[in-house]
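Topology and contacts: notes
Listed below are the residues making up each chain.
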Amino acid sequence: MKLKGKNKNMDKLSDESLVLAYKKAKEIELDVNFIQLLKKEITKRKILIRD
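Residues numbered from 1 in each chain as written. Predicted model: local features only at pLDDT ≥ 70, side-chain atom pairs only at ≥ 80, totals over all residues. Heavy atoms only, no water.

Regarding the side chain of E41
Defined as follows: Secondary structure elements are defined from DSSP: runs of H or I of at least 4 residues count as helices, runs of E of at least 2 residues count as strands, and each element is numbered from the N terminus. We call a residue buried when its accessible area falls under 20% of the maximum for its residue type, exposed when it is over 50%, and partly exposed in between, using a 1.4 Å probe and counting protein chains only. Identification of polar contacts relies on pairs of N or O atoms within 3.5 Å, with a donor-acceptor requirement for protein atoms, meaning one able to donate a hydrogen and the other able to accept it, and with residues adjacent in sequence counted only if both atoms are side-chain atoms. Pairs of residues are marked as contacts when any of their non-hydrogen atoms sit within 4.5 Å.
Relative to the assigned elements, E41 resides in helix 2 (residues 32-44). Residue classification places E41 among the buried positions, given a relative accessible area of 9%. Side-chain polar atoms of E41 contact the side chain of R45, separated by 2.9 Å. If near-sequence neighbours (up to four positions away) are discounted, E41 is found in contact with M10, D11 and L18.

Structure, rendered in C-alpha cells:
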C-alpha cells in the first residue's frame, strides 16, 4: 500500500506528538510506509530525534 498526497492531519500534530508517534510506530512495527510518512514529516520540520 502506497500512501500518496499530503496528509493534512499530520500538520495538526505537535512536534512532540509526531516524534512519539514515530517512535511508537517503529516499536510496534507498523507498516513501513506509515513509518516513512512520519519520518518524512519529521525531516520536513527539521526535528531531531533522540533515541
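Structural notes on helix 2
Since there are 3.6 residues in each turn of an α-helix, residues three or four apart along the chain are aligned in direction. Note the following rule: To estimate how far a helix should reach, multiply one less than its number of residues by 1.5 Å. The directions considered for the arc are those from the helix axis to the C-beta atoms.
Here helix 2 is 13 residues long and its end C-alpha atoms lie 18 Å apart, about the 18 Å a rise of 1.5 Å per residue gives. Residues I35, L37, L38, E41 and I42 constitute the buried set of helix 2. The buried residues of helix 2 occupy an angular sector of 155 degrees when projected down its axis, which confines them to one face. Exposed residues on helix 2 whose side chains face more than 90 degrees from its buried face are V32 and K40. Against the buried residues of helix 2 lie helix 1 (15-27). For helix 2, the capping residue at the N-terminal end is D31, with a side-chain oxygen 3.0 Å from the backbone nitrogen of N33. K46 lies just past helix 2 and shows a positive phi near 60 degrees.

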